[in-house]
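Listed below are the residues making up each chain.
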Amino acid sequence: MKIGILTAGGDAPGLNAAIRAVTGAALACGDEVIGVHDGWGGLMRDGHVVELGRAEVASILPLGGTILGASSTCDPLMVEGGIDQVAATVRGLGLDAIVAIGGDGTLRIASVFAEMGLPVTAIPKTIDNDLSGTDYCLGFDSAVAVVVEALDRLHTTAASHHHVMVIEVMGRDTGWLAVNGGIAGGADMIIIPEFPVSLDDLVNHLHRRRDGGADCSLVVVAEGADLGSLKLLRSGDAEDVERIEHFRMGMRGVGERLASLVERTTKIPTRATVLGRTQRGGMPTAHDRIWATRVGVAAHRFAREGRFGCMPVVRESRIAEAQIADVAMKNVVPREWYELARVFF
Ligand code: F6P
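Reference entry: report on the structure contained in this document. (Residues numbered from 1 in each chain as written. Predicted model: local features only at pLDDT ≥ 70, side-chain atom pairs only at ≥ 80, totals over all residues. Heavy atoms only, no water.)

**A closer look at the overall build of the protein**
Tallying secondary structure elements over the protein gives 13 helices and 11 strands in all. Once the C-alpha set of the protein is aligned to its principal axes, its extents read approximately 65 × 40 × 30 Å. In the protein, which comprises 345 residues, the share counted as buried stands at 53%. Restricting to contacts in the protein with at least 6 residues of sequence separation, those with at least 24 account for 74%. Carbon and sulfur atoms make up 51% of the accessible area of the protein, which totals about 14,300 Å². Separation between the mean location of the 33 positive side-chain charges and that of the 43 negative ones in the protein comes to 3 Å. (Helix = DSSP H or I, 4+ residues; strand = E, 2+ residues; numbered from the N terminus. Buried < 20%, exposed > 50% of the residue type's maximum accessible area, 1.4 Å probe, protein only. Contact = heavy atoms within 4.5 Å. Areas by Shrake-Rupley, 256 points an atom, 1.4 Å probe, with all protein chains shown as cover. Lys, Arg positive; Asp, Glu negative; His and termini not counted. Charge placed at Lys NZ, Arg CZ, Asp CG, Glu CD.)

**Side note on the pairing of strand β1 (residues 2-7)**
For β1, a buried count of 5 out of 6 residues is recorded, marking the element as mostly surrounded by other parts of the structure. Pairing of β1 with strand β2 (residues 32-36) involves 4 bridges; the strand directions are parallel. Counterpart to Ile3 in the pairing with β2 is Val33. Since β1 and β2 lie parallel, the crossover through helix α1 (residues 15-28) that links them has a hand, and here it is right-handed. Across 5 bridges, β1 lies against strand β4 (residues 97-102) in parallel orientation. (Pairing = 2+ DSSP bridges. Right-handed = clockwise from strand over helix to strand, strands pointing away.)

**Here's the deal with the sheet that holds β2**
Adjacent strands of a sheet pair through backbone hydrogen bonds, lying either parallel or antiparallel. Taking strand neighbours across the sheet as the criterion, the 5 strands line up as β3-β2-β1-β4-β5 in an open arrangement whose pairing is mixed. Edge positions in the open sheet fall to β3 (49-51) and β5 (120-124), since each of these has one partner strand only. Averaged over all pairs of adjacent strands, the angle between strand axes in this sheet comes to 25 degrees, irrespective of strand direction. Pairing analysis gives 5 bridges linking β4 to β5, with the strands arranged parallel. What sits directly across from Val99, in β5, is Thr121. Docked against the sheet, α1 engages β1, β2, β4 and β5, running at close to 175 degrees with respect to β1. (Axes fitted to C-alpha atoms, helices over the stretch in contact; angles between N-to-C directions.)

**Considering the pattern of salt bridges**
Between side chains of opposite charge, a pair can form as their charged atoms come close. For the structure shown, the criterion picks out 14 salt bridges. For the salt bridge of Asp130 with Lys330, the shortest nitrogen-to-oxygen distance reads 2.8 Å. Note that Asp130 is positioned in the loop between β5 and α6 (140-161) and Lys330 in the loop between α12 (324-327) and α13 (335-342), a separation of 200 residues in sequence. The class of Asp130 is buried, set by a relative accessible area of 2%. One continuous salt-bridge network, built from bridges that share partners, spans Asp104, Asp130, Arg172, Asp173 and Lys330. (Salt bridge = Lys/Arg side-chain N within 4 Å of Asp/Glu carboxyl O.)

**Here's the deal with the side chain of Asp128**
Structurally, the position occupied by Asp128 is in the loop between β5 and α6. Here Asp128 sits buried without a salt bridge, and the closest side chain of opposite charge, Arg172, lies 4.8 Å off (N-O distance). In contact with Asp128, other than residues within four places in its own chain, are Phe140, Met170, Gly171, Arg172, Thr174 and Trp176.

**Describing the pairing of strand β6 (residues 164-169)**
The element β6 is largely enclosed, with a buried count of 6 among its 6 residues. The side-chain alternation of β6 yields two buried faces, one formed by Val164, Val166 and Glu168 and the other by Met165, Ile167 and Val169. In terms of strand pairing, β6 meets strand β8 (residues 217-222) through 6 bridges, oriented parallel. Its bridge partner lying in β8, Met165 is registered against Leu218. For β6 and strand β9 (residues 270-274), the ladder comprises 5 bridges, and the chain directions are parallel. Counted as the bridge partner of Glu168 is Val274 from β9.

**A short note on helix α5 (residues 104-115)**
For α5, which comprises 12 residues, the first-to-last C-alpha distance of 16 Å matches the rise-based estimate of 16 Å (1.5 Å per residue) to within 8%. Looking at the buried residues of α5, the elements they touch are α2 (40-43), α4 (82-93), β4, β5, β10 (310-315) and α12. Taken from the residues just after α5, Gly117 is the one with a positive phi, measuring 105 degrees. (Expected span 1.5 Å × (residues − 1).)

**What about the environment of Ile3?**
For Ile3, the position within the fold is in strand β1. Note on Ile3: relative accessible area 0%, which makes it buried. Linking Ile3 and Phe302, residues 299 residues apart in sequence, is a C-alpha distance of 11 Å. In this structure, Ile3 is in contact with Ala26, Asp31, Glu32, Val33, Ile34, Leu95, Ala97, Val99, His300 and Ala303, ignoring residues within four places of it in sequence.

Shape is all these values report; function is a separate question.
Shown next, in the form of structure tokens:
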């Protein structure tokens, strides 16, 4: 059979390992593999593809990014004629199966195409780890490792200067990365979209730590934390109302602004560090390589068995099957996870 692979949405460590896994499994069965460039956009442009053989995937296992390229902005469902263009390309290339590797946006698109009858299966990927129906999304472990290394480094410099460090991590909608990175890196406060923290509580906590002899504090904030609704505001502070509106609008910059608010309120020198794209770049961890291999080989099996509209997921350390549309839903951090982190602040 002829299998097309695409990677869409934000890149994440482990994408290449997944491409290699699908390709390796396919070639071993005598299947043909076509890599589609730049996500769904590649399926809207004839010929924007590459044949994947052993040579193309030979040394990509440890590589970050994606050799196929990824577009986080192209949604064929939103482009006039986009659906027909994709269907025509799939027909034109003679694809018997498409493996879409991506997060919620990619999977939402994949599920619509599957409902329309295209032979689509998928692989869960996002450093946010916030897809439903799967315990794990490719890229998450590698991103957590970046956060932990940053916290470890920032800890020593913060302690030397008795500073508060605000570390902004990714997590547009959910706080999995902030909570896991924060727990593993010993954060003294974690602020995520799911659970409100008041400025008073944060300030009191930082003062209490200082009075108790702590030489520094690490505050992890997810970029999607809505500081307006998180009540990181004292009543009557008109200037901050304006700033906080800005937080909500811009999302990015939450770390910098929180740091200046903390410094102004506590009078403790406070610095912000935005980890940004460092969390998405670089080599995948062994964990990501192993899961990329497991779900990649499983996705090829799904394609061979004609199990379209569904996809392999991770449940209790095993491969399970889920509907693509169900996996595309958001999975937020449950209270017990946040409570675990809160034991330490
Ligand atoms: O979806 C993954 C993610 O890491 C989000 O947490 C974040 O908001 C987004 O990517 C940022 O992507 P970009 O830099 O492309 O806007």
